[in-house]
Amino acid sequence: MSEAVSTGLLDRAIRRITEAWRDMASSVSGEADETLEAQMQACLAGRGGEVSARNRAAKLAQTYLTQNDAGRAGFLRTLAGFDSDPDAVAAAYAEVQAAKDVAERATAKAALRHALEPPRLRLLTQFTSIPDGRKFLVDLRGSLLKLRGGDKLLAALDADLRGLLAAWFDIGFLELQRIDWNSPAALLEKLVDYEAVHAIRSWRDLKNRLDSDRRCYAFFHPRMPGEPLIFVEVALVKGLAGSVQNLLDEKAPVQDPAQADTAIFYSISNCQSGLAGISFGNFLIKRVVEELSAEFRNLKTFATLSPIPGFRRWLDPLLAADEPRLLSDDEAEALAAAVPAETGSQALAAIVGKRHWWRDAALRKVAEPVLTRLAARYLVVETSGKRAKDPVAHFHLSNGARVERLSMAGDTSDKGAKESATLMVNYLYDPAKIEDWHEDYAGEGKRNASTAVRKLARGWS
């Protein structure tokens, strides 16, 4: 379903945009075989006033949009080539060095900053004047990120574009909106298309996620109406949820949200690849906590039910290498007994590599306590620099959450088994402690966790 929706959305969006830009571009004079560089020079020259400038920007955007992948790469490299004039920069820097007092130096520095500003910044800014220009630039950066690689010129273009987008998409400009079953069909299609954590399989599945005991909120930018930047799906339940399959069960009875005591954030999806590196998630969660607290006074607990996508990537090589002290002697013996002819580490690797192993009561009995302990260690102890090794853990700990509880068979999908051996984790958001827990992690790298999880993370030694 998702692929079909994605293709339909893309085709309709391109058709609508190109029709609008084609009309604007048709009024621009110039040779039909005019080079990209010449088109960009014409945009920078700014002849003919504001309307002409908008039309030239539309023509340039249309040129990009109608190119194949190779053509778009060439467009971006040509755009990146509109860099600062090195002679002007050198002359301005010399004026700074020659300044005789503070006032003269301040004036010289201002001139240097102006000289350093590359013309491509003005070109990028011109696209905001055309219909859907802000969305065009977001998508342009999405393509740029795929192509950039080690190309330093494209990296410089990306730095410029990211700076513009970070300013334009500042949290102060964003609007929080609830999405429900009565939202426009085009928006619901995008929800299906952008869901990145737990794929929406059908319209019935989507309707279930938007029922009365569910909530979905998204951030929007006023210049990109109908285009969510990020959205979160929430289940209103009693107690901490430990299984995403249970949460998404379409046959489960609808609960009375007035009786719920817990809000479970079970999916957070970024929608615009071109806004990578510009974070909205922490603001979104805090705003939604405020919204839900105001709507439901009965809610006492706010927590996630989150995947652990890096767990198997960390664990599998350690098992393959038979890493010393990964398992206690008792654990290794029990695992070897469950999988004859294998050592402890190889036995655990064999278990998690077996399809639907958690349905075997004997295998689960021996593997569950070991995997849960190792997952606690991975989340609370293992590091990547000063940050948590797991990317989802880093996200929530950065936002001011704590690691609350681990659940085996929390995600029994193929993806859940492959990435996290079916384990899921609850991150707790306590409104009274969010800022303190954020400072603990951001300032000292301290990872707050419940007593039970911390005890697990200390391990057997």
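A quick note: this is a predicted structure, and the numbers were derived from the prediction, not measured. (Residues numbered from 1 in each chain as written. Predicted model: local features only at pLDDT ≥ 70, side-chain atom pairs only at ≥ 80, totals over all residues. Heavy atoms only, no water.)

Engineer: An account of the overall build of the chain is requested, with residue identities and associated values reported.
Structural biologist: Each helix and strand in the chain was counted, giving 21 helices and nine strands. Counting across all 461 residues of the chain, residues that qualify as buried make up 47%. Taking all contacts inside the chain whose residues are at least 6 apart in sequence as the whole, residues at least 24 apart take part in 74%. Accessible surface, the chain: about 22,200 Å² in total, of which carbon and sulfur atoms supply 51%. (Helix = DSSP H or I, 4+ residues; strand = E, 2+ residues; numbered from the N terminus. Buried < 20%, exposed > 50% of the residue type's maximum accessible area, 1.4 Å probe, protein only. Contact = heavy atoms within 4.5 Å. Areas by Shrake-Rupley, 256 points an atom, 1.4 Å probe, with all protein chains shown as cover.)

Engineer: Lay out the environment of Phe-173 with the relevant residues and their values.
Structural biologist: The residue Phe-173 is located in the loop between helix H9 (152–168) and strand E1 (175–178) in this model. Owing to a relative accessible area of 48%, Phe-173 belongs among the partly exposed residues under this scheme. Phe-173 sits 46 residues away from Phe-219 along the chain, and the two C-alpha atoms are 9.8 Å apart.

Engineer: Residues and numbers for the environment of Thr-125, please.
Structural biologist: Within the fold, Thr-125 resides in helix H7 (residues 119–126). Put simply, Thr-125 and Asn-282 are 157 residues apart on the chain and 28 Å apart in space, counted from C-alpha to C-alpha.

Engineer: Talk me through the nonpolar core; I want residue IDs and the actual numbers.
Structural biologist: Ranked by internal contacts, the top residues of the largest apolar core, which has 100 residues, are Phe-169, Leu-292, Phe-311, Leu-348, Leu-371 and Leu-379. Examining the composition of this core, we find that eleven residues originate from one element, helix H17 (residues 361–380), more than from any other. Among residues more than four places away in sequence, those in contact with Leu-348 are Leu-319, Leu-327, Leu-335, Ala-367, Val-370, Leu-371 and Leu-374. (Core = buried A, V, L, I, M, F, W, Y, C linked by side-chain atoms within 4.5 Å.)

Engineer: So what's going on with the sheet that holds strand E5 (residues 301–304)? Which residues, and what values?
Structural biologist: Whether parallel or antiparallel, the strands of a sheet pair through hydrogen bonds between backbone atoms. In space, the seven strands of this open sheet follow the order E1-E2-E3-E4-E5-E9-E8, with mixed pairing throughout. A strand with exactly one partner marks an edge of an open sheet, and here the two such strands are E1 and strand E8 (402–407). Going from strand to strand, the sheet's axes swing by 30 degrees on average, the running direction of each strand aside. Bridge count for E1 against strand E2 (residues 214–220) is four bridges, and the pairing is antiparallel. Paired with Leu-176 across the bridge in E2 is Phe-219. (Pairing = 2+ DSSP bridges. Axes fitted to C-alpha atoms, helices over the stretch in contact; angles between N-to-C directions.)

Engineer: Any details on unusual backbone geometry? Residues and values, ideally.
Structural biologist: Within the chain, Ala-341 stands out as a residue other than glycine whose phi angle is a positive 75 degrees. The residue Ala-341 is located in the loop between helix H15 (329–338) and helix H16 (344–352) in this model. Exposure remark for Ala-341: the relative accessible area of 84% places this residue in the exposed category. Even without being a glycine, Ala-409 presents a positive backbone phi close to 60 degrees. Relative accessible area serves as the criterion here: at 16%, Ala-409 is assigned to the buried category.

Engineer: Explain the pattern of salt bridges to me, and be specific about the residues and the numbers.
Structural biologist: Counting across every chain of the model gives 23 salt bridges. Between Glu-233 and Arg-209 there is a salt bridge, with the nearest N and O atoms lying 3.2 Å from each other. Here Arg-209 lies in helix H11 (residues 203–209) and Glu-233 lies in strand E3 (residues 230–237), a separation of 24 residues in the sequence. You can call Arg-209 buried: its relative accessible area is 1%. The shortest N-O distance in the salt bridge between Asp-316 and Arg-312 comes to 2.9 Å. Here Asp-316 and its partner Arg-312 are both found in helix H14 (residues 311–320), four residues apart, which amounts to about one turn of the helix. Accessibility expressed as a relative area gives 28% for Asp-316, which makes it partly exposed. A network of salt bridges, in which partner residues are shared, links Glu-195, Arg-201, Arg-204, Asp-205, Arg-209, Glu-233 and Glu-250. (Salt bridge = Lys/Arg side-chain N within 4 Å of Asp/Glu carboxyl O.)

Engineer: Break down the packing of aromatic side chains for me, with residues and values.
Structural biologist: Under the definition given, this model contains seven aromatic pairs. On the numbers, 5.6 Å between centres and 85 degrees between planes, the contact of Tyr-64 with Phe-136 is edge-to-face. In this pair, Tyr-64 sits in helix H3 (residues 49–65) while Phe-136 sits in helix H8 (residues 133–148), placing the two residues 72 residues apart along the sequence. Residue Phe-136 is classed as buried on the basis of its relative accessible area, which comes to 5%. Each residue in the set Tyr-64, Phe-75, Phe-127 and Phe-136 is aromatic and connected to the rest through ring pairs, giving one cluster. Sitting over the ring of Trp-168, Arg-134 keeps its end group 4.8 Å from the ring centre. (Phe/Tyr/Trp six-rings, centres within 6.5 Å; stacked < 30°, edge-to-face > 60°. Lys NZ or Arg CZ within 6 Å of the ring centre and 35° of its normal.)

Engineer: Lay out the state of the cysteines with the relevant residues and their values.
Structural biologist: Scanning the entire structure with this criterion turns up zero disulfides. Here Cys-271 is not cross-linked by a disulfide; its sulfur's nearest cysteine counterpart is in Cys-216, at 8.9 Å. Taking the relative accessible area as the measure of exposure, Cys-271 reaches 7% and is therefore buried. (Disulfide = S-S within 2.5 Å.)

Engineer: Kindly report on the confidence of the model for the chain, identifying the contributing residues and their values.
Structural biologist: Averaged over every residue, the pLDDT of the chain is 91; the share at 70 or more is 92%. Residue range residues 1–8 is modelled with pLDDT below 50. Its contacts to residues more than four positions away, or to other chains, number eleven contacts. (pLDDT = per-residue confidence, 0-100.)

Engineer: Would you mind going over the packing of H16 against H17 in detail, with residue names and values included?
Structural biologist: Orientation of H16 relative to H17, taken along the N-to-C sense of each, is 105 degrees, at an axis distance of 11 Å. Between H16 and H17, the interaxial angle falls into the category roughly perpendicular. Residues Leu-348, Ile-351 and Val-352 of H16 form the contact with H17, whose own contacting residues are Leu-363, Val-366, Ala-367, Val-370, Leu-371 and Leu-374. In terms of residue class, the contact of H16 with H17 is built from nine nonpolar, no polar and no charged. (Parallel < 35°, antiparallel > 145°, perpendicular 65-115°, else oblique. Nonpolar A, V, L, I, M, F, W, Y, C, P; charged D, E, K, R; others polar.)

Engineer: Describe H7, with residues and values.
Structural biologist: Because each turn of an α-helix spans 3.6 residues, side chains separated by three or four positions in sequence point in the same direction. Here H7 has its buried residues at Arg-120, Leu-121, Leu-123, Leu-124 and Gln-126. Those residues of H7 that are buried are in contact with helix H2 (36–45), H3, helix H4 (69–80), H8 and H9.

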